[in-house]
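Each chain, written out:
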Amino acid sequence: QVQLAESGGGLVQAGGSLRLSCAASGRTFSPYAMGWFRQAPGKEREFVATISGSGGTTYYADSVKGRFTISRDNAKNTVYLQMNRLKPEDTAVYYCAASWALSIVIATGDYSDWGRGTQVTVSS
């Protein structure tokens, strides 16, 4: 099992940027894929981005492609989500998730451990 702690959320105006961080502890971090998901009020949790264990492969939801960048620092057991050109529709609680897969995975069921989430609010 791995413990995940997100940080970096907040309130930002449309067009602004935020950088989310997710610190992992409890098991070996580097070989395994990590992901970011989000859940807006009244909606289901949705996939945002994923990164392979090596960091060499990434994949994004169409809604964030070109605006968000996922990265990881295996020496620090941390994964990041850089969010640029934010839109009001990006408002949600953002969750970090850890998988046992080596390559990218996008389904919530492929992730075994989840953080508690961090709120991102984008004002218009």
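The rules behind the values
Sequence positions are assigned chain by chain, starting from 1 and proceeding in written order. Reporting in this predicted model follows two pLDDT cut-offs: at least 70 for local features of residues, and 80 or more for side-chain atom pairs to be given and counted; totals over whole chains, interfaces and linings ignore these cut-offs and use all residues. Side-chain measures here rest on the full set of heavy atoms in the structure, leaving out hydrogens and waters. Two cysteine sulfurs form what is called a disulfide whenever their separation falls within 2.5 Å. Each helix is a run of H or I in the DSSP string that is no shorter than four residues. Each strand is a run of E no shorter than two, and both are numbered from the N terminus. The classification of residues rests on relative accessible area computed with a 1.4 Å probe and restricted to protein chains. Under 20% of the type maximum is buried, over 50% is exposed, and intermediate values are partly exposed. Space inside and on the surface of the protein is sampled on a 1 Å grid over the protein atoms alone, with a cavity defined as a set of points where a 1.4 Å probe fits but cannot get out and a pocket as an open set with protein on both sides within 12 Å along at least 5 of 7 lines; lining residues have an atom within 4 Å of a point. Grid points are joined across faces, edges and corners, and a volume is the space filled by probe spheres set on the points. Residues are grouped as follows: nonpolar covers Ala, Val, Leu, Ile, Met, Phe, Trp, Tyr, Cys and Pro; charged covers Asp, Glu, Lys and Arg; every other residue, Gly included, is treated as polar. Working definition: rings of Phe, Tyr and Trp (its six-membered ring) pair if their centres are within 6.5 Å, and the pair is stacked with planes under 30 degrees apart, edge-to-face with planes over 60 apart, and tilted otherwise. As a reminder, the over-ring test applies to NZ of lysine and CZ of arginine, requiring each to be within 6 Å of the ring centre and within 35 degrees of the ring normal. In these notes, a set of buried Ala, Val, Leu, Ile, Met, Phe, Trp, Tyr and Cys residues joined through side-chain atoms within 4.5 Å is what counts as a nonpolar core. Contacts between residues were defined by any pair of non-hydrogen atoms, one from each residue, lying within 4.5 Å. Working convention for charge: Lys and Arg count positive, Asp and Glu count negative, and His plus the chain ends are omitted. For salt bridges, the criterion is a side-chain nitrogen of Lys or Arg within 4 Å of an Asp or Glu carboxyl oxygen. We define a polar contact as two N or O atoms separated by no more than 3.5 Å, with the added condition that, inside protein, one atom must be a possible hydrogen donor and the other a possible acceptor, whereas residues neighbouring each other in sequence contribute only through side-chain atom pairs.

Asks: Any details on the state of the cysteines? Residues and values, ideally.
Replies: Within the structure shown, the criterion is met by 1 disulfide. Between the sulfur atoms of Cys22 and its disulfide mate Cys96 the distance is 2.1 Å. With the S-S dihedral at roughly -80 degrees, the linkage between Cys22 and Cys96 falls on the left-handed side. Taken together, the residues span a long stretch of sequence, with Cys22 in strand β3 (residues 18–25) and Cys96 in strand β9 (residues 92–99) at a distance of 74 residues. What makes Cys22 buried here is its relative accessible area of 0%. Taking the relative accessible area as the measure of exposure, Cys96 reaches 0% and is therefore buried.

Asks: Lay out empty space enclosed by the protein with the relevant residues and their values.
Replies: Counted under the stated rule, the structure contains 1 cavity of 30 Å³ or more. In this model, the largest cavity occupies a volume close to 40 Å³. Taken together, Val2, Ala24, Arg27, Thr28, Phe29, Tyr32, Met34 and Ala98 make up the lining of the largest cavity. For the lining of the largest cavity, the residue count by class is 6 nonpolar, 1 polar and 1 charged.

Asks: Break down the packing of aromatic side chains for me, citing the residues and quoting the values.
Replies: Under the counting rule described, the total for this entry stands at 6 aromatic pairs. With a centroid separation of 5.8 Å and 75 degrees between ring planes, the pair formed by Phe37 and Phe47 is classed as edge-to-face. Of this pair, Phe37 sits in strand β4 (residues 34–39) while Phe47 sits in strand β5 (residues 46–51), and the two are 10 residues apart along the sequence. For Phe47, a relative accessible area of 15% puts it in the buried group. Ring pairing ties together the aromatic residues Phe37, Phe47, Tyr59, Tyr111 and Trp114, which thus form one cluster. Against the face of Trp100 rests Arg27, its NZ or CZ located 3.9 Å from the ring centre. Sitting over the face of the ring of Phe29, Arg72 holds its NZ or CZ atom 4.4 Å from the ring centroid.

Asks: Now, about the nonpolar core: what can you tell me, with residues and values included?
Replies: Among the nonpolar cores identified, the biggest contains 35 residues, and Met34, Trp36, Val79, Leu81, Met83 and Tyr94 are the most heavily contacted of them. Of all the elements in the fold, those that place two or more residues in this core are β3, β4, β5, β7 (68–73), β8 (78–83), β9 and β11 (118–123). Among the elements that line this core, the one with the most residues is β9, at 5 residues. In this structure, Val79 is in contact with Leu20, Ser21, Cys22, Phe29, Met34, Trp36, Ile51, Ile70, Ser71, Arg72 and Cys96, ignoring residues within four places of it in sequence.

Asks: If you had to explain the side chain of Asp113 to someone new, which residues and values would you point to?
Replies: Along the chain, the position of Asp113 falls in strand β10 (residues 111–114). Buried charge without a partner: Asp113 forms no salt bridge, and the closest opposite charge is Arg27, 4.3 Å away. For Asp113, the side chain forms a polar contact with the side chain of Ser112, separated by 2.8 Å. Non-local contacts of Asp113, meaning those with residues more than four positions away in its chain, are made with Gln1, Val2, Leu4, Arg27, Cys96, Ala97 and Ala98.

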